[in-house]
Structure formats: C-alpha cells, structure tokens
Amino acid sequence: MWNNHINNKFIIPVCLIGVVFMALWLRLDAAGWSLPFRFHPDEWKYVSGAARCLDGEWNPNYFRNPPGFSYASALWYPLWLRIGPPVRTPEWLGIDPMRLRPSTDPITTFHYRPFDLVLGSRVLSAMFGAGTVILVFLLAKELSHHRVGLIAAAMTAVSFANVRESHFAVNDAAMTFFLTLALGWGMRGMRLDSLRWFYMASAVSGVAVAFKYNAFPATAALLLVWLLRSLRKGILKSHAGKVFAELAIAAVLAMVGFLLICPFPVLDAETFFEEMGKLSNAARSGWPGQEKIWSGWLFLKSLFISEGVFTVCLSFVGIAMLARKKMWEWLLFPACYLALIFVHPLYFMRFSLPALPWFSLAAAFCVFSLSQRIESCYMKITLPTLLVVLCLIEPLVKDLRSNFLFKQEDSRITCLKWLRGQPANGFIAADLYAVPIPYRGMAEPWNTSLDPRVVVIDQIPSSQMPELQRALNAPAAYVAVSAFAVFPGYLDETYRQRREALKRFAGSDNPVQVFSVFQTDQTGVNDSEESADVEDTYSTVRRLWERKCNGPGIEIYQVMNGN
C-alpha cells in the first residue's frame, strides 16, 4: 500500500504535467497560421476591442458577443509584446520595413502590426484551452478517482474541436475554461456540503457568461445541483425557505460575476439591449451554408468528429453507469446545455466545446469502472490502457492533420501573390473569399486591399455584372472567384448562379489559373455542388476531418475584353 501511495504521489502529477504540455503544444502548434493576413471573420472584433480598451475605450458598443475575451486580451498584450515573437511579413508585399518595426506598445502595434496582437490572442486562447485540461482532471477527481481524472484530461487534451478552436483568437476556449472551473467548484461544494464553494462557483459561472452567452446553462445546472443536494438531505422539506434563499443568493452572485466583467446592461443599457435584439433576430435562423438539419443532430455529428467513435461510445456507457448509480448531479449540466443546443436553430461546431469535457469525463469513468470489475492484474492494466489508446488515436490524428494543414500556405495568399505578379493594366474583380480580408481601423496598408487593383464584387448582383466596367471606370483584367464559402446572406442568389454570372462576365469558362491547397497538378477544378460547410470561413481548408475532394479552390479568369 505504501508503494502504491508513493507511485500515485509522483506518477500521477508527472503524467498530468505531460498531458498538459501535450495539450499546450497541440494548441500552440501552427498558432500563427496565415498571419500576417486576416482570414478568420470573427477574430478582429475581439482583437480590435482589446486594443481600444488600452486606448481608454472600454465600452465595445457591440454586445452580440460579450467583452470578456477582449478584456482578457487587453490585460495580456503588454506582456505578450515583450515575450512573444513578432510575426514575419513576406518580402513580396513590398512594404517599407521601417513601417513594420515591432513595438512593445499595444496601440502602436495595433496601428502598424495588428497581426502581432492577433497572434497574442491566439496564444491566450491556446492557454485557456490547455488550462481546461487541468480543470477536467480536478473535476473528474471530484467524481471518482485521480485515475479517472488523468484519463479524462488526456481525452480533453486531444479533443479535436477544442484543439482546433484554440487556434483562433475568439472567446470559445476561454468561456469553456471558466465554465469548467465553475462546475468543478460546484461539484466540490456538493461533495463537501460547502455553501462557500457553491457561491464561488455561481459567481464564476457569471464570469463565464461574460465571455460568451451560451455559458448560462452552467448557472442553471449549479442551481439544480444545489437543489438536488437539498432534496437528498431532506433539507428542502424542512427548511425550504433557507434553500431558496441560498439559490437566490447564488443567482445574484452569478449576475454580479457577469456585471463585473460586462457592466453595460447598467452603464449603457440602450446599446446593450439594442444589441441583444439584433442577436435574438440573428439567432432565429441558421447561418448561410449551415446544413438544413436539426441542431441536435449537428451536435451529435460534431461529437463524433471531435472525440472519435471509441470515446463517444464509451461516454454513452459511462452516462448509463452514472444514471444507474443515480449520480444525477453529473448529468445536469450536459442536459441543460444540450437542451439549449436542441432548441437553437443556429449551430457552429465550436458550440460543442462546453459539453465535450463531460463526455470525456463519462468515458473515463466508464474505463475506470470496467477496470475495477476485472480481477486479473494483467487485464486490469492491459484492457484500460488499450481502451484509452483507442480513444486517443482518432482525435490525435485529426489534430496533427489539422495543424499540418494550417501550416500550408493558404490559397488566398497564393492567389494574391500571383495577382501582384501580373502586369495587368486594369482592375481585378474578386469575391470576398478570393483575397485576404483587410484589417479595419488602423494605418495603411493593412486597412485596405494589399493590391490597389483588387475590387471586391460581393455586393454587385449578378444581373448588374455588366455594369462593373463602368462602375470601375476602367476595364477589369481578371476575375477571381473562390469556393471557400457561400456568398453573404444579403445576396438573393445561389452560389452556382453567382459563379455562372462571373464566368459570363469574364467571357470564358476556362480559368487561366486555379489555386487549391490539395491540388498538385493545378489543372482541375473542384466541381462539388455541395453547399459550404458552416465552418468554412473559420479555417484554411474545408472539412479537415473527412477530405474526399479537392480543397477550396480559387479560379482566375482573364476577362476577354480586358487589357
């Protein structure tokens, strides 16, 4: 027993440190994907908001996402600019090196090197993602045993969705971190029968909501957990008033936690509730390009994609075991969160992040419970090890593949490089996803197209395409059309109609150049008629986990009547 105690005392911490370092490496590897160019459509709202905070403007005037991650980034930037490597800018852009000198001042960096701040926020997101691994270990220890914690931590470390979303300077990984922390403290409060831990958990759940609104099921789950504890102990019948007073205090503390990070429902109520109205209207329908099926089915699909078949199957068995043992408190948050997903028409794969650790926890509980039923010492070690390895392989392979693809030069960069090398006398008409998106609100050249000849044509309806020449007051030399995503929702046209109109405008069906990250001979075109995946614009390639066709291509057509 003493030897077993010594082994546990040293081996478990060493293994956990190894798991956390692996998690951090997976999330930091390729963190600088495609920089200095801007591709992710959501990163800039958080990065620019953080920079404005350091310039004295803490009111984002945008609340369709809460400001928690921007504030965390603002606190992080001064340190990051002193310890982080500056992003390298390619020489072929021809930008004066004097304009690109790195600075430790966040505001100067915001104006002249905004991509350094983007990288800083991505690193912060990666650290939150890796930190969740530690919290899952501690949460699983509350459930059962430190071995359950180690298995659950390893599964969370390689979780494909968590690893992939941690590469982006957005709020999902940070929200998942605070949500998991709140629920871990809540479970500890229930186990220790401690009101202090319960109140702390409630306050942190409010902080999680201040990072992203879809964390609010955590607060609901905590209240239900405390209500269940009171029911089991018979306190609810004898001291109902006291129990409901405790629940009311917890709800108030959650609100206080939210308002400490996002005080604008009080300080700027008009803007806040106006933004809430816009968010409500936007959430009533799916995103353009989203598969037209139930969000619950999309979540199940995301679960299998992210965690792998073995982990999901074991998690279902683990959930059944928890239900059989009447450990309902461990199922309340997944139930609350899935209820939100099931009734919400809008779904992105990153919406699955808060629930994924709970499936890892259930799978780990299943593996540990099975090992406890085995009498053979050999099988007691061999079978759980085999099950864990099988659970880790699939998501780990996807992680490594995803990071490899992130490191490839994006097709839009290759396209821009090619266009800059052409001796075109006229303008180049390009849809939004054929060239890098400008950064907005800072000094040139990053706030404009990196080639002054490029004109974005997304707002021109197909019926008005012949008017393009007159609108530009110059002939268009090339048309660049991409297959990265469907066109913006305000266009009442299908993707195919738009492409056909552009081809007619160019006067040719034969592209002079095709760029695609998966094409080796550069001769074919991706003819898939499938609508864009909902996450297309959030990664460098489509369907990183199940590629069966060419990657997102950009076709270049030379306008027949151009110069």
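Numbering of residues starts from 1 in each chain and follows the order in which that chain's sequence is written. Residues qualify for local features only when their pLDDT is at least 70, as the model is predicted, and side-chain atom pairs are given and counted only at 80 or more; totals for whole chains, interfaces and linings, by contrast, use all residues. Side-chain numbers come from the whole structure's heavy atoms, not from hydrogens or water.

## A closer look at the overall build of the chain
- Think of it this way: any DSSP run of H or I at least four residues long counts as a helix, any run of E at least two long counts as a strand, and we number them from the N terminus. Each helix and strand counted, the chain has 22 helices and five strands in total.
- Burial statistics for the chain: of 563 residues in total, 58% are counted as buried.
- Restricting to contacts in the chain with at least 6 residues of sequence separation, those with at least 24 account for 82%.
- Surface accessibility in these figures is a Shrake-Rupley result with a 1.4 Å probe; residues are shielded only by whichever protein chains are displayed. Of the roughly 24,600 Å² that the chain leaves accessible, carbon and sulfur atoms contribute 62%. We call a residue buried when its accessible area falls under 20% of the maximum for its residue type, exposed when it is over 50%, and partly exposed in between, using a 1.4 Å probe and counting protein chains only. Residue contacts are defined here by distance: any two heavy atoms, one from each residue, within 4.5 Å place the two residues in contact.

## Here's the deal with the environment of Tyr-62
- By the element assignment, Tyr-62 lies in the loop between helix H2 (43-54) and helix H3 (68-83).
- For Tyr-62 and Met-276, which are 214 residues apart along the polypeptide, the C-alpha to C-alpha distance reads 9.5 Å.
- Reaching out from Tyr-62, the side chain makes a polar contact with the side chain of Lys-45 at a distance of 3.1 Å. Counted as a polar contact is a pair of N or O atoms within 3.5 Å, where, for protein atoms, one must be capable of donating a hydrogen and the other of accepting one, and residues adjacent in sequence contribute only when both atoms are in side chains.

## Quick notes on the nonpolar core
- Side-chain atoms within 4.5 Å are what join buried Ala, Val, Leu, Ile, Met, Phe, Trp, Tyr and Cys residues into a set we call a nonpolar core. Counting residues in hydrophobic clusters, the biggest one holds 144 residues, and the most contacted among them are Trp-330 and Trp-446.
- In terms of residue count, helix H5 (residues 114-143) provides more of this core than any other element does, 15 residues in total.
- Beyond its immediate stretch of four places on either side in the chain, Trp-446 contacts Pro-36, Thr-89, Leu-93, Ile-95, Leu-100, Tyr-112, Pro-114, Phe-115, Pro-438 and Tyr-439.

## Considerations on the state of the cysteines
- Count a disulfide wherever a pair of cysteine sulfur atoms falls within 2.5 Å. Tallying each qualifying case throughout the model produces zero disulfides.
- Of all cysteine sulfurs in the structure, the one in Cys-391 sits closest to Cys-366, which takes part in no disulfide; the separation is 8.6 Å.

## Section: the pairing of strand E5 (residues 554-558)
- Judged by how many residues are buried, E5 sits mostly within the fold: four of five residues are covered.
- Judged from the five bridges that link them, strand E3 (residues 476-482) and E5 form a sheet pairing that is antiparallel. Directly across from Val-479, in E5, lies its bridge partner Tyr-557.
- Only when DSSP finds a minimum of two bridges between them are two strands counted as paired. Where strand E4 (residues 513-515) lies against E5, three bridges are found, and the strand directions are antiparallel. Pairing of Phe-515 across the sheet is with Ile-554, part of E5.

## Observations regarding the sheet that holds E5
- Across the sheet, which stays open at both edges, the five strands sit in the order E2-E1-E3-E5-E4 with mixed pairing between neighbours. Strands at the two margins of the open sheet, each flanked by one partner only, are strand E2 (454-456) and E4. Taken pair by pair, the neighbouring strands of this sheet meet at an average axis angle of 20 degrees, ignoring direction.
- Looking at chain direction, strand E1 (residues 427-430) and E2 are connected through three bridges and run parallel. Each bridged residue has a counterpart across the sheet, and for Ala-430 the counterpart in E2 is Val-456.
- Interaxial angle, 0 to 180 degrees, is taken between N-to-C directions of lines fitted to C-alpha atoms, where a helix line uses only the stretch in contact. Docked against the sheet, helix H20 (residues 411-420) engages E1, E3, E4 and E5, running at close to 20 degrees with respect to E5.

## Section: H20
- Burial runs high along H20: seven of the 10 residues are buried.
- Residues Ser-411, Arg-412, Ile-413, Cys-415, Leu-416, Trp-418 and Leu-419 constitute the buried set of H20.

## What to know about the pattern of salt bridges
- Only one rule defines a salt bridge in this text: a Lys or Arg side-chain nitrogen within 4 Å of an Asp or Glu carboxyl oxygen. For the structure on display, the rule yields 19 salt bridges.
- Of the charged contacts, one joins Glu-165 and Arg-164 as a salt bridge, the two residues approaching to 3.2 Å between their closest N and O atoms. In this pair, the class of Glu-165 matches that of Arg-164, namely buried.
- A salt bridge links Glu-275 to Lys-278; the nearest nitrogen and oxygen atoms lie 3.7 Å apart. One end of the pair, Glu-275, and the other, Lys-278, are both in helix H14 (residues 269-282), three residues apart, so they sit about a helical turn from each other.
- Judged by relative accessible area, which is 5%, Glu-275 ranks as buried.

## Considerations on the pairing of E3
- With respect to burial, E3 is a largely interior element, seven of its seven residues being buried.
- Strand direction decides the pairing type here: E1 and E3, joined by four bridges, are parallel. Within the sheet, the bridge partner assigned to Ala-430 lies in E3 and is Ala-480.

## Quick notes on a nonpolar patch on the surface
- In this analysis, a patch consists of residues with relative accessible area above 30% that form no salt bridge, clustered at 9 Å for like charges and at 5 Å for the nonpolar side chains Val, Leu, Ile, Met, Phe, Trp and Tyr. On the surface, Ile-293, Trp-294, Trp-297, Phe-342 and Val-343 cluster together to form a nonpolar patch covering roughly 550 Å² of accessible area.
- Within the element layout of this structure, Val-343 appears in helix H17 (residues 329-343).

## What about the side chain of Asp-42?
- One can find Asp-42 in the loop between helix H1 (2-28) and H2.
- Looking at Asp-42, its side chain comes within polar contact range of the side chain of Lys-45, at 3.3 Å.

## Digging into the packing of helix H8 (residues 172-192) against helix H10 (residues 216-232)
- Where H8 contacts H10, the two axes come as close as 10 Å, and the packing angle between them is 5 degrees. On the basis of the axis angle, H8 is roughly parallel to H10. Across the interface between the two elements, Leu-179, Ala-182, Leu-183, Gly-186, Met-187, Gly-189 and Met-190 from H8 touch Ala-218, Ala-221, Leu-222, Val-225, Trp-226, Arg-229 and Arg-232 from H10. Roughly parallel means an angle under 35 degrees; roughly antiparallel, over 145; roughly perpendicular, 65 to 115; everything else is oblique.

## Some thoughts on H3
- Here a helix's expected span is defined as the number of its residues, less one, multiplied by 1.5 Å. An ideal rise of 1.5 Å per residue puts 22 Å on 16 residues; H3 measures up with 23 Å between its terminal C-alpha atoms.
- In H3, a bend of some 45 degrees at Tyr-77 exceeds every other bend along the element, and Pro-78, a proline, comes one to four places later.
- The complete set of buried residues in H3 reads Gly-68, Phe-69, Ser-70, Tyr-71, Ala-72, Ser-73, Ala-74, Trp-76, Tyr-77, Trp-80 and Leu-81.
- Against the buried residues of H3 lie H2, helix H4 (106-112), H5, H8, helix H12 (240-261) and helix H13 (264-267). One axis is fitted to the seven residues ending at the residue and one to the seven starting there. The bend at that residue is the angle between these axes.

Fair warning: the whole summary comes from geometry, so function is off the table for now.
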